[in-house]
Structures are given as structure tokens and as C-alpha cells.
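Residues per chain are reported as follows:
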Amino acid sequence: MDWQKGEESQNVEVDSGGGGGRGFGGGRMGIGGILILALLGWIFFKNPLALLDQSGGQPGANAPTSQPVQVDPQQKEFVSRVLGSTEKTWGDIFSGMGQTYTDPKLELFSGGVNTACGAASTAVGPFYCPGDQKVYLDLDFFRELGTRFHSSGDFARAYVIAHEVGHHVQNQLGIFAKVSQMQRQGAPMEGANGLSVRQELQADCFAGVWANRTQQRLQWLQPGDVESALNAASQIGDDTLQREARGTVVPDSFTHGTSAQRVKWFKTGLQSGDLNQCDTFSGDL
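All of these numbers come straight from a predicted model, not from anything done at the bench. (Residues numbered from 1 in each chain as written. Predicted model: local features only at pLDDT ≥ 70, side-chain atom pairs only at ≥ 80, totals over all residues. Heavy atoms only, no water.)

A. How the structure looks around the overall build of the chain. A count of helical and extended segments in the chain gives 9 helices and 6 strands. By residue count, 54% of the 285 residues in the chain fall in the buried class. When contacts within the chain are restricted to residue pairs at least 6 apart in sequence, those whose partners lie at least 24 apart make up 78%. For the chain, the exposed surface amounts to about 11,500 Å²; the carbon and sulfur share of it is 46%. (Helix = DSSP H or I, 4+ residues; strand = E, 2+ residues; numbered from the N terminus. Buried < 20%, exposed > 50% of the residue type's maximum accessible area, 1.4 Å probe, protein only. Contact = heavy atoms within 4.5 Å. Areas by Shrake-Rupley, 256 points an atom, 1.4 Å probe, with all protein chains shown as cover.)

B. The pattern of salt bridges, seen in detail. For the structure on display, the rule yields 8 salt bridges. Arg-217 is paired through a salt bridge with Glu-7; the nearest N and O atoms lie 3.0 Å apart. Of this pair, Arg-217 sits in helix H6 (residues 195-218) while Glu-7 sits in the segment before strand S1 (12-14); the two residues are 210 residues apart in sequence, bridging distant segments of the chain. In this structure, Asp-92 engages Lys-88 in a salt bridge whose closest nitrogen and oxygen atoms are separated by 3.4 Å. (Salt bridge = Lys/Arg side-chain N within 4 Å of Asp/Glu carboxyl O.)

C. Broad picture of the pairing of strand S4 (residues 118-121). With burial as the criterion, each face of S4 is covered, one bearing Gly-118 and Ala-120 and the other bearing Ala-119 and Ser-121. Relative to S4, strand S3 (residues 112-115) runs antiparallel, the two sharing 4 bridges. Within the sheet, the bridge partner assigned to Val-113 lies in S4 and is Ala-120. In sequence, S3 turns back onto S4 through a hairpin of 2 residues. (Pairing = 2+ DSSP bridges.)

D. The arrangement of the environment of Ala-233 in detail. Looking at the secondary structure, you find Ala-233 in helix H7 (residues 225-235). With 29 residues separating them in the primary sequence, Ala-233 and Arg-262 have C-alpha atoms 5.7 Å apart. Setting aside anything within four residues of it in sequence, one finds Ala-233 in contact with Tyr-159, Ser-259, Arg-262 and Val-263.

E. Looking closely at the nonpolar core. In this structure, Val-79, Trp-90, Phe-155, Ile-161, Trp-210 and Phe-266 are the most contacted members of the largest nonpolar core, which totals 56 residues. Of all the elements, H6 adds the most residues to this core, at 10 residues. Here Ile-161 is in contact with Phe-78, Val-79, Val-82, Leu-106, Leu-137 and Phe-142, once residues within four sequence places are set aside. In terms of nonpolar packing, the next biggest core, distinct from the first, is built from 8 residues, Phe-109, Phe-127, Cys-129 and Tyr-136 among them. (Core = buried A, V, L, I, M, F, W, Y, C linked by side-chain atoms within 4.5 Å.)

Here it is, written out as C-alpha cells:
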């Protein structure tokens, strides 16, 4: 992947360190908190409350320690150029729909980080917080992407960023609000047909749309790049992760979709480049 062709974003921030989480406000967990809990299924199968600060924003009360981040300049440039390519792509798509796209911020952190959705540890993995419209990324995850998930290519890493930006696109389109409304009406978040799975698969499809549109503009993909992203998608399916961690698969606890579903929806966006093909909330997955 010739990522240097990407437009450089000015929206990458580096966490300077500091403790104390903002919490969820007296323990009331809104859609942002629920989505972060769902994102825990990305890597680890642990008690979510052990990974998020539920102290109601009291400094030092079980909040993960945030440490100053030492970022390799090339890594930061890579993240910046991938993020910049998403800004250009989604800005053009929204403009074509007569809407204005607001760029998200992306914060690099280490150990733990304070967000508008609560204080999260590095074990959460990459995530998007709708409360502050930021993508949060611990660069150590890229190392794990290669060592644990055997997906070390640049485009596999770019897919991870594009997936999280896909959640920002959902937020901009009002999909988060609709999910919250459906949840209040009794629709389940977890499970093979749950709202969380449908939302995650749509973010995969949106990442595919980005890949399609950006390739048309930049011609930056090289042989093997698409395969590396598809492999990353397959490695982080709920069934694959659960089988690895537990030896069994429990569909009722799915939050992201199966490996086959993640590959299917990323390819749907990649092959079509059409936002309208990413309706994961209607019909079968």
C-alpha cells in the first residue's frame, strides 16, 4: 500500500497523559457506553466493567493510567494520511448527498485514556466515542494485529482505522440515534441478529466503501493489500475469537458478527463503493 499518497489530516492528536476518567455520569450508561462495551468483543472476552471506569468521573477511582505516548513519526504520519483519506472520501460522499461531513478527531494513547464515554484501558482496543466524536487508537494494537491476528500489512491497519471512522459516519447519519431508539423499544444489542452486530457490520461495509472510493482516487493499493484487509476482517469475527478464547462459540453473545459476515460486508462496500448497499439493519445478515 503506497500510503504516502494519502491526504494528511490535521486531526490526529497525541494523548499527553494524565489520570481520572470522566465516567458515564453517576453510572448512567448511554448509547456511547453501550457501544464501547460492545467493542470489547473486538479482542478480549472479559468483564467489561473491569475495563471501563464506572466511578462517575471521580479522579483516581479505578481509572486506567494514561501515560505520555511516544509515537514513531512514521507511524503518526501513516495514521494521519489514512485518516486524511477518509476525510476526503466521506467529505465527497456527504457533499454528493447535499450534506456536510464533520471530520472526527483521532487520539493516539497508551495504557488508558479519558473520553466522553468514560475512561478506557488499552484492552478495549480501537474504538469510537460518539460523545466527543473521536476515534481512539493505541498503536500497540497494530503490533497485536500482526502477532495475534496475522494481519500485519499496511492496508489491514488502514482497514481498522476506516472501520472506526465508519462509526463516526453512522453518528453523522443519525444511525446511532436510531439504534438507541430501537434499543429503548426493546430490540436486543447482543446476539447474532442484535443491533450491535448490525452496526459493526455496517461499519465494515462503510470501510469497504472508503477503500473503493479512495483506490479510485489515489490508486495506492498493491498486490496482496486487499487480501490482508480481508484476512484482518476474518480474524476478528466473533466466532473465531470465541473459539480461540473459549473453545466454543456462543452466538447469543455476539457483538460484531462472524468472520464470514465481516468479510462479506467489507467486500460489499469494497466492490460497490455505494453507501446504499450497506443497509445491515434490514433482512438477513
